[in-house]
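Observations on the three-dimensional arrangement
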Amino acid sequence: MADEYANYIDGEWVESETGETFENRNPANSDDLIGYFQQSNSEDAARAAAAASAAETEWAETPGPERGSILSETARNLDDRKDELTETLVREEGKARGEAAGEVQRAIDIFSYYAEKTRDIGGVNKQSSSRHTNLQTVTEPVGVAGLITPWNYPIAIPAWKIAPALAAGNTAVFKPASMAPNVSRKLVECLDEAGLPAGVLNYVTGPGSEVGSTFATHEAVDAVSFTGSTQVGNHVYDMAAEDQKRVQLEMGGKNPVVVSKSADLDDAVEIAANGAFGVTGQACTATSRAIVHEELYDEFVDRLVERAAEIEIGPGLDGFDMGPQVTESELESTMEYIELGRDEGATLETGGGQPEGDRFDDGFFVEPTVFSDVDPDMQIAQEEIFGPVLAVIPASDFDDALEIANGVQYGLSASIVTNDLTESNRFVSEIEAGVVKINEKTTGLELHVPFGGMKASSSETFREQGDAGLDFFTISKTVYTN
Ligand code: NAD
């Protein structure tokens, strides 16, 4: 019998009013039942928002370093449970073990980082042009933060919202994605065990249309930080903006790697393969287009196909390189795009199917897939697939590559592989992306620098991570004292 897991509201682990649960299963083995989670409704979400609102003043008035010591203790608790959390993450989301361990370490580091930041929060003094005036900016928390997260980084993304929100003195209501709610529940346990006061963070599982939309609209919620698909993000924005809430959106991508005529081909193949097939292509920053100079095109495709063949697919818990897709419906969606790519006239170079063999029988596995002869206007070159599928597009020169790279609705991460300084400088200034990589893969972020996208990938107004991650959760006042 699998366990049933509760919501965490006002410092207590409680069941939903609905009396209903939903089940969660291992995507590498659908016979493996992880547990039952609360199928909460709007009333549960409203109770959580009320608890966060009641805890708001006391937490905001708690000295920053005191808040920081709870975040540091949380980091230590996470560190003590690192192996368990890694296993939980692999089991519910399907990542390879090394990728999951890296994600758990990232969550630990995020809590340590924002724990330190609590000493710097507060504002600055400035020189006034009048000798009688003391000029200051002071910062205050926004109030109650609504945090809505996706399944694909189920501990790192909650951490990079919860840690800065609490560090800055906000209380929060948090809804994880239903496909991977367990590792973030354990993160909440670590906060609880660190001595977080009741109501400061509340965790509610259930459908986005009930729990998420209540967090986006509830009168007690002052700011909504959302990460997920562009379609849902835009809907969240419309709901929250109606009430003039502050909104932060991190959404989809169609991230390119441009391979210049001057590129080192070994580097280019490695960068493209790692960006496209790492985490099964289920990253917002995953490489889904390789835009390759026509003189290198054929050799690049041949070598990429060889590189894809080296990837060992299988359950992350058994040590394989590439795990499954998170659910059957995500797998079906990827298979539909592969079918569409064929229909659109692209050439399927490798992959395109589900691997065969005993270890794949009960999981949602798909092969690393490469399409060549892709036209930039094809749907497989325009839409986010969110699986290990790479579209390789020829370009006649650097200007052509740049135009293709920018010719999509998204603008999250973009990479160029080049040995030409003029090209890399132009790429930095002309590419429409919030994260720009030179001779590095599109995936992989450092926690102390801002992260966010342009165009349909992000709300652009507020960045996450680093100092910028605190801006969304603080309001500044300018004070003139004569
Ligand atoms: P999703 O948009 O389906 O769901 C995201 C969250 O929103 C979930 O918790 C979901 O339950 C909730 N939700 C659903 N309907 C809602 C509603 N009506 N109101 C409020 N909340 C609602 O996304 P997903 O499938 O979980 O994640 C994959 C997507 O996330 C991809 O598009 C990926 O690119 C994107 N993503 C972006 C970033 C980034 O930082 N830019 C990072 C990771 C993932």
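Here the structure is shown first, and the text comes after it.
Residues numbered from 1 in each chain as written. Predicted model: local features only at pLDDT ≥ 70, side-chain atom pairs only at ≥ 80, totals over all residues. Heavy atoms only, no water.

**What about the sheet that holds strand β5 (residues 29–38)?**
Taken together, 3 strands build an open sheet; the order of strands is β1-β5-β4 and the sheet is mixed. Strands at the two margins of the open sheet, each flanked by one partner only, are β1 (4–5) and β4 (21–26). With 2 bridges joining them, β1 and β5 adopt parallel strand pairing. Pairing of Tyr5 across the sheet is with Phe37, part of β5. (Pairing = 2+ DSSP bridges. Helix = DSSP H or I, 4+ residues; strand = E, 2+ residues; numbered from the N terminus.)

**A look at empty space enclosed by the protein**
Per the counting criterion, the structure on display carries 5 cavities of 30 Å³ or more. Considered as a void within the structure, the largest cavity measures approximately 80 Å³ in volume. Taken together, 14 residues form the lining of the largest cavity, with Gly281, Ala286, Ser288, Glu384 and Phe386 sitting closest to its centre. Looking at the second largest cavity, its volume works out to about 60 Å³. What lines the second largest cavity is a set of 15 residues, and nearest its centre among them are Pro256, Arg289, Tyr410, Gly411 and Glu432. Where the lining of the second largest cavity is concerned, the elements lending two or more residues are β13 (255–259), α13 (398–406), β18 (410–411) and β19 (413–417). (1 Å grid on protein atoms, 1.4 Å probe; cavity = no way out; pocket = protein on both sides within 12 Å on 5 of 7 lines; lining within 4 Å. Points joined across faces, edges and corners; volume = space filled by probe spheres on them.)

**Notes on the site of the ligand**
Around the ligand, 29 residues are found, and the nearest of them are Thr149, Lys175, Ser229, Met251 and Glu384. For the ligand, an oxygen atom lies 2.9 Å from a polar atom in the side chain of Trp151. Ser229 is positioned such that a nitrogen or oxygen atom in its side chain is 2.6 Å from an oxygen atom of the ligand. About the coverage of the ligand: the protein hides 88% of its 850 Å² of free accessible area. In this structure, the ligand is accommodated by the largest pocket. When contributions to the shell around the ligand are tallied by element, the ones reaching two or more residues are α7 (208–217), β11 (223–227) and α8 (230–242). A breakdown of the residues in the shell around the ligand according to their chemical character gives 15 nonpolar, 11 polar and 3 charged. (Near = heavy atom within 4 Å. Polar contact = N/O pair within 3.5 Å; in protein donor to acceptor, adjacent residues only side chain to side chain. Areas by Shrake-Rupley, 256 points an atom, 1.4 Å probe, with all protein chains shown as cover. Sits in = over half its atoms within 2 Å of the grid points. Nonpolar A, V, L, I, M, F, W, Y, C, P; charged D, E, K, R; others polar.)

**Description of the pattern of salt bridges**
Following the criterion strictly, the structure yields 26 salt bridges and no others. Of the charged contacts in the structure, one is a salt bridge between Asp79 and Lys82, with a shortest N-O distance of 3.3 Å. Put simply, Glu295 and Lys261 hold a salt bridge, and the shortest N to O gap is 3.8 Å. Within this pair, whereas Glu295 is found in the loop between β14 (287–293) and α10 (297–309), its partner Lys261 is found in the loop between β13 and α9 (265–277), the two being separated by 34 residues in sequence. Given the relative accessible area of 59%, Glu295 is considered exposed. Taken together, the shared-partner salt bridges in this structure form one network comprising Arg81, Glu84, Arg185, Lys186 and Glu189. (Salt bridge = Lys/Arg side-chain N within 4 Å of Asp/Glu carboxyl O. Buried < 20%, exposed > 50% of the residue type's maximum accessible area, 1.4 Å probe, protein only.)

**Some points on the nonpolar core**
Of all hydrophobic cores here, the largest spans 57 residues; its most connected members are Phe111, Ile162, Leu166 and Leu191. Residue contributions to this core peak at 9 residues, all from helix α4 (residues 97–117). Every residue in contact with Leu166, bar those within four places of it in the chain, is listed here: Trp59, Arg67, Leu71, Thr171, Ala172, Leu191, Leu196 and Val200. In terms of nonpolar packing, the next biggest core, distinct from the first, is built from 28 residues, Ile385, Ile393, Phe398 and Phe427 among them. (Core = buried A, V, L, I, M, F, W, Y, C linked by side-chain atoms within 4.5 Å. Contact = heavy atoms within 4.5 Å.)

**So, a nonpolar patch on the surface**
A cluster of nonpolar side chains, Val428, Val436 and Ile438, forms an exposed patch at the surface whose accessible area comes to about 200 Å². Its place among the elements puts Val436 in strand β20 (residues 435–438). When its relative accessible area of 31% is taken as the criterion, Val436 is described as partly exposed. (Patch = residues over 30% accessible without salt bridge, like charges linked within 9 Å, V, L, I, M, F, W, Y side chains within 5 Å.)

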